[in-house]
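Observations on chain architecture
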Amino acid sequence: MNGKKILIGVCGSIAAYKTAYIIRLLKKQHADVRVIMTPSASGFITALTLSTLSKNPVLTRFTVGDQGEWNNHVELGLWADVFVIAPASANTLAKMANGICDNLLLAVYLSARCPVYVAPAMDLDMHKHASTQANMRILQESGVKIIDAEHGELASGLTGIGRIAEPESIVSIIDDLLSSGSPLQGKKALVTAGPTYEKIDPIRFIGNHSSGKMGVAIARQLMAYGAEVKLILGPVSNLFNLEGINVSNVTSADEMYELAKEQFAGADITVLAAAVADYKPRISADSKIKKNKDNLTFELIKTPDIAVSLGKIKSDDQIIVGFALETDNEVENARKKLFSKNFSMIVLNSLNDPGAGFGHDTNKISILDKDNNTREYELKSKTDVAKDIVDAIVEKYF
Ligand code: C5P
């Protein structure tokens, strides 16, 4: 990040104290950081703190002092290599989405030609409110990248989605954008992610708790490294930022299988992160099954194993990375799967590790390859885990 010009926008949010950490991390990497605050941000963190850390004056208003000197928003917007608004409040997101320009931060946003990132931070109900979600969609459509808010305990005492992403994750996203290297430029990647739902009747299904977060983070990382990415995504409830990724939404294992077979040809890298159902009902009912029996028995039949089928047709220069979620004899089982499914690498996450696996924002993995190498990693955010996985692929094969 040496000498890269990073403009940080700060809104009025209790999460504003995290901006101090973001700036400190950026300065450690020798970035040139300038900060703009909205008027309400100064109720949460002082300009003095942020100017001391950034080593630049913090800008809050259109004018400086009483001398008619103004902070040139156009110049600031053109100066930046990237503009990161963290924390981004519901209010500022709404104003950005609607072209409102009643403070310096908003004027700079409207003038900026560089990539713009927002890291929303707010209470869970504000975050999931239809108008906030609609504003974020509008911003995404106009090219703003959303650094998704995370799930956790909020200042209100409630728990849910709304916490600002961790400073390390935000800095790692900026770093990826600014690091000129695109080691996967010209490569094609295919990722499967999320659960599958196997129909019982029009209302019920057999599914699992996969959130899709790991696979989506991998797809984004592959894209950040320059690959052209196709993502086959099972039914997930999260609203992901999938801009730039060619996404196909599917429901069942059969649909995922058909599409994966079709899209596998030409994929240099395939990452199978989906939690595909192993069994489906032999027969699914066309109308709702009534509660008129004491016992109900289903016959389940196997779903197609996408990994096995792709492993069979894989050419020597295609790379397939699979996942193993194990509860016992983890390494031994993962190694068996690496060979039986003809993976190039397998990512093992253990359900025994707290914070790892389904639904969490964090994961703890090991990566095993066919040359008997095992790399072990700490518990990290899924964004950082995705970077480790894609870095391991690049290091070994490109
Ligand atoms: O056999 P198991 O389900 O543990 O294998 C996990 C790996 O195989 C994952 O990479 C998963 O995406 C993939 N898989 C698949 N199709 C299935 C079952 C698993 O692609 N039907």
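A brief report on the enclosed structure follows.

A word on the overall build of the protein
- Summing up its helical and strand segments, the protein has 13 helices and 24 strands in all.
- In summary, the protein has a C-alpha radius of gyration of 23 Å against a globular reference of 21 Å for 398 residues, a match within 12%.
- For the protein, the spread of C-alpha atoms along the principal axes amounts to about 80 × 55 × 35 Å.
- Here the protein holds 398 residues, and 51% of them are scored as buried.
- Across the protein, contacts joining residues at least 24 apart in sequence account for 68% of those joining residues at least 6 apart.
- Of the roughly 18,800 Å² of accessible surface on the protein, a fraction of 50% belongs to carbon and sulfur atoms.
- Between the averaged position of the 43 positive side-chain charges in the protein and that of its 46 negative side-chain charges there is a distance of 2 Å.

Here we look at the pattern of salt bridges
- All chains considered together, the criterion is met by 18 salt bridges.
- In this structure, Glu166 engages Lys18 in a salt bridge whose closest nitrogen and oxygen atoms are separated by 3.4 Å. Within this pair, whereas Glu166 is found in the loop between β10 (159–163) and α8 (167–178), its partner Lys18 is found in helix α1 (residues 17–28), the two being separated by 148 residues in sequence.
- Using a relative accessible area of 10% as the deciding quantity, one classes Lys18 as buried.
- In this structure, Glu299 engages Arg282 in a salt bridge whose closest nitrogen and oxygen atoms are separated by 3.0 Å. Here Glu299, found in the loop between β17 (279–281) and β18 (300–302), pairs with Arg282, found in the loop between β17 and β18; they are 17 residues apart in sequence, far enough to count as distant.
- Residue Glu299 is classed as partly exposed on the basis of its relative accessible area, which comes to 48%.

Description of the site of the ligand
- The ligand sits among 14 residues. The nearest are Leu272, Ala274, Phe323, Lys337 and Lys341.
- Between the ligand and Ile306 there is a distance of 3.1 Å, counted from a nitrogen atom to a backbone nitrogen or oxygen.
- For the ligand, an oxygen atom lies 2.8 Å from a polar atom in the side chain of Lys341.
- When the ligand is considered free in solution it has 450 Å² of accessible area, and contact with the protein chains removes 86% of it.
- Only α11 (306–313) and β19 (319–326) provide two or more residues apiece to the shell around the ligand.

Regarding the pairing of strand β7 (residues 116–120)
- Burial within β7 is extensive, with 5 of its 5 residues counted as buried.
- Residue alternation in β7 divides its side chains into two sets, Val116, Val118 and Pro120 and Tyr117 and Ala119, and both sets are buried.
- Two elements, strand β6 (residues 82–88) and β7, share 4 bridges in a ladder whose sense is parallel. Each residue of the ladder has a partner; that of Ile85, found in β7, is Val118.
- In the sheet, β7 pairs with strand β8 (residues 145–146) via 2 bridges, with the strands oriented parallel.

What counts and how
- Residues numbered from 1 in each chain as written.
- Predicted model: local features only at pLDDT ≥ 70, side-chain atom pairs only at ≥ 80, totals over all residues.
- Heavy atoms only, no water.
- Helix = DSSP H or I, 4+ residues; strand = E, 2+ residues; numbered from the N terminus.
- Rg over C-alpha atoms; globule rule 2.2 N^0.38 Å.
- Buried < 20%, exposed > 50% of the residue type's maximum accessible area, 1.4 Å probe, protein only.
- Contact = heavy atoms within 4.5 Å.
- Areas by Shrake-Rupley, 256 points an atom, 1.4 Å probe, with all protein chains shown as cover.
- Lys, Arg positive; Asp, Glu negative; His and termini not counted.
- Charge placed at Lys NZ, Arg CZ, Asp CG, Glu CD.
- Salt bridge = Lys/Arg side-chain N within 4 Å of Asp/Glu carboxyl O.
- Near = heavy atom within 4 Å.
- Polar contact = N/O pair within 3.5 Å; in protein donor to acceptor, adjacent residues only side chain to side chain.
- Pairing = 2+ DSSP bridges.

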